[in-house]
Amino acid sequence: MIKAVIFDVDGVMLDSEPYFAAGRRHILDKNGLVAPVGGSVNGSGMLAFWRSVLAHNGRLDLDAVALSRENFDYCLDGILSARLPATDGLVRLLDALESECALAVGSSSDRYYVETVLKYLGIYDCFGVIVCGDDVENAKPHPDIYLKALELLRLPAADCYVIEDSDNGARAAAGAGIPCLGLSIVNPPTQSFADCARVFGSLAEIERHILGG
């Protein structure tokens, strides 16, 4: 029996990526910046993205930390204004798992953003362990976040699952040795899920896989 499930946040708990993308576009245009071509932004660290943008544009007059915070704030404003709902099946999955195993969060997003989202969705108290991008040296696709989660859970990787919606996140889980369950609810798919043990089309399917039935 699995002893812990570690959840990504964005794209797994709610469809926040359109708000992140809109924020990136707004900040890029406002400052006359161009993003580097290539690589997936989904699941990776916000600060790393804005550092790469400033390096690409040679803009030493701007602060990547400030731009990262602005992007998170932009996304939060959009989520709260739109009253964005949780992903279908999330609350039911958490309720079903809570009595069966430990629950944790592993997100590349900053802690203030993650905690705001969890409280907004009413699920903050479900998680005994929360590891965020600003808690570790390297965000996803590096394994640091998931290695830290294993340390805090005091469990071996084989006793856990990670639920991810992005290749960067799945690569981070694989780097930590944790089996990753891919959640593919974007049509058409934008991720390969190559590093996932299995791929599912809904959280209800993941619930059946973990708990049976």
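Keep in mind the model is a prediction, meaning the values are calculated, not measured. (Residues numbered from 1 in each chain as written. Predicted model: local features only at pLDDT ≥ 70, side-chain atom pairs only at ≥ 80, totals over all residues. Heavy atoms only, no water.)

Student: Looking at this model, I keep getting lost on the overall build of the protein chain. Mind explaining?
Tutor: Scanning the protein chain from N- to C-terminus turns up 8 helices and 6 strands. Mapped from its N terminus to its C terminus, the protein chain presents α and β elements in the order β-α-α-α-α-β-α-β-α-β-α-β-β-α. Counting only C-alpha atoms, the protein chain reaches 55 × 35 × 30 Å along its principal axes. Within the protein chain, buried positions represent 48% of all 213 residues. A sequence separation of at least 24 residues applies to 66% of the contacts in the protein chain between residues at least 6 apart. Of the charged side chains in the protein chain, 17 are positive and 29 negative, and the gap between their average positions amounts to 1 Å. (Helix = DSSP H or I, 4+ residues; strand = E, 2+ residues; numbered from the N terminus. Buried < 20%, exposed > 50% of the residue type's maximum accessible area, 1.4 Å probe, protein only. Contact = heavy atoms within 4.5 Å. Lys, Arg positive; Asp, Glu negative; His and termini not counted. Charge placed at Lys NZ, Arg CZ, Asp CG, Glu CD.)

Student: Please explain the pattern of salt bridges as it appears in this structure.
Tutor: It is possible for side chains bearing opposite charge to pair when their charged atoms get close. Within this structure, the stated rule accounts for 13 salt bridges. Salt bridges sharing common partners tie together Asp8, Lys140 and Glu164. (Salt bridge = Lys/Arg side-chain N within 4 Å of Asp/Glu carboxyl O.)

Student: Sorry, what's going on with the layout of surface pockets here?
Tutor: Over the atoms a probe the size of a water molecule is rolled, and this reveals where empty space is left. When its volume is computed, the second largest pocket comes out at roughly 430 Å³. Tallied by class, residues from the lining of the second largest pocket come to 9 nonpolar, 7 polar and 4 charged. (1 Å grid on protein atoms, 1.4 Å probe; cavity = no way out; pocket = protein on both sides within 12 Å on 5 of 7 lines; lining within 4 Å. Points joined across faces, edges and corners; volume = space filled by probe spheres on them. Nonpolar A, V, L, I, M, F, W, Y, C, P; charged D, E, K, R; others polar.)

Student: Sorry, what's going on with the pairing of strand E2 (residues 102–106) here?
Tutor: Side chains on a regular strand alternate between the two faces of the sheet. In terms of burial, E2 is a largely internal element, 4 of the 5 residues being buried. Bridge count for strand E1 (residues 4–7) against E2 is 4 bridges, and the pairing is parallel. Bridge pairing in E2 links Phe7 to Val105. Assessed by its sense of winding, the connection that carries the chain from E2 through helix H5 (residues 111–121) to strand E3 (residues 129–131) is right-handed. (Pairing = 2+ DSSP bridges. Right-handed = clockwise from strand over helix to strand, strands pointing away.)

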